[in-house]
Amino acid sequence: DQQVKQNSPSLSVQEGRISILNCDYTNSMFDYFLWYKKYPAEGPTFLISISSIKDKNEDGRFTVFLNKSAKHLSLHIVPSQPGDSAVYFCAASEPDSWGKLQFGAGTQVVVTP
Amino acid sequence: DAMVIQNPRYQVTQFGKPVTLSCSQTLNHNVMYWYQQKSSQAPKLLFHYYDKDFNNEADTPDNFQSRRPNTSFCFLDIRSPGLGDAAMYLCATSRRGSYNEQFFGPGTRLTVL
């Protein structure tokens, strides 16, 4: 039972444009959401997170938006750079779960010149 | 640099032949996790250690065991690997109070012949 879903397995975007990655979840108990980025031959690295008490969190070129009523979050990357080409995983956790993350299957982003 | 190290990076085993994957960390984090990631799927948590306390996910097969002899090391033992156990195995760590922001190793890709 996949509680976190990333329905777009891949995304191609031109350098300098906006990348928008989407993530949907089904578990209303989730209260913390994260995005991880993964380069080939490396493990995922934490990128940005958001608590359910917020609807937006920004860190440089990366912004995560949370729509709790729709059980949907998105990651915006502006402007996209070639180094952003990677797989992006959405993850979520319930309160007091000691880091028991539920991951989505990932979206492969390719930034073209 | 502080990091999470996984050995070996690639492991080939035969059907039914026990195999051990190892993970070490220099971050001195008290929580360690093992994830299984099959091709194009989401990473799935198998179990985690909070210090020496072992926490098994309900749907982790009995075929999978783990040991954590000290803070730095954690092992994943697969007692009788089946073809369905071929996957990338990711080790991660987190520190107390920041459980969701996990630090991942590069993974071990297991092939079962």
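First things first, this report covers the structure right here in the doc. (Residues numbered from 1 in each chain as written. Chains lettered and ligands numbered in written order. Predicted model: local features only at pLDDT ≥ 70, side-chain atom pairs only at ≥ 80, totals over all residues. Heavy atoms only, no water.)

Focus: the sheet that holds strand β7 (residues 64–67) of chain B
Residues and elements named next belong to chain B.
- Read from one edge to the other, the open sheet built from four strands follows the order β1-β3-β8-β7, with strand pairing classed as antiparallel. Edge positions in the sheet fall to β1 (4–7) and β7, since each has one partner strand and no second. For this sheet, the mean angle separating the axes of adjacent strands, direction not counted, is 20°.
- Alignment of strand β3 (residues 19–25) against strand β8 (residues 73–78), held across six bridges, turns out to be antiparallel. Across the sheet, residue Leu-21 finds its bridge partner in β8, namely Leu-76. (Pairing = 2+ DSSP bridges. Helix = DSSP H or I, 4+ residues; strand = E, 2+ residues; numbered from the N terminus. Axes fitted to C-alpha atoms, helices over the stretch in contact; angles between N-to-C directions.)

Examining the sheet that holds strand β6 (residues 56–59) of chain A
Residues and elements named next belong to chain A.
- Read across the sheet, five strands follow the order β1-β3-β8-β7-β6 without closing on themselves; strand pairing throughout is antiparallel. The strands lining the two open edges of the sheet, one partner per strand, are β1 (4–5) and β6.
- Bridging between β6 and strand β7 (residues 62–67) involves four bridges; their strand directions are antiparallel. Residue pairing for β7: Lys-56 is matched across the bridge by Phe-65.

Focus on the state of the cysteines
Residues and elements named next belong to chain B.
- Under the defined criterion, the tally for this structure stands at two disulfides over all chains.
- The disulfide partner of Cys-23 is Cys-91, and the gap between their sulfur atoms is 1.9 Å. Between Cys-23 and Cys-91 the sulfur-sulfur dihedral comes to about -75°; the bridge is accordingly left-handed. Of this pair, Cys-23 sits in strand β3 while Cys-91 is found in strand β9 (residues 87–94), placing the two residues 68 residues apart along the sequence. Assigned by exposure class, Cys-23 and Cys-91 land together as buried.
- Sulfur of Cys-74: no disulfide; nearest cysteine sulfur belongs to Cys-91 and is 6.0 Å away.
- By relative accessible area, Cys-74 is classed as buried at 0%. (Disulfide = S-S within 2.5 Å. Buried < 20%, exposed > 50% of the residue type's maximum accessible area, 1.4 Å probe, protein only.)

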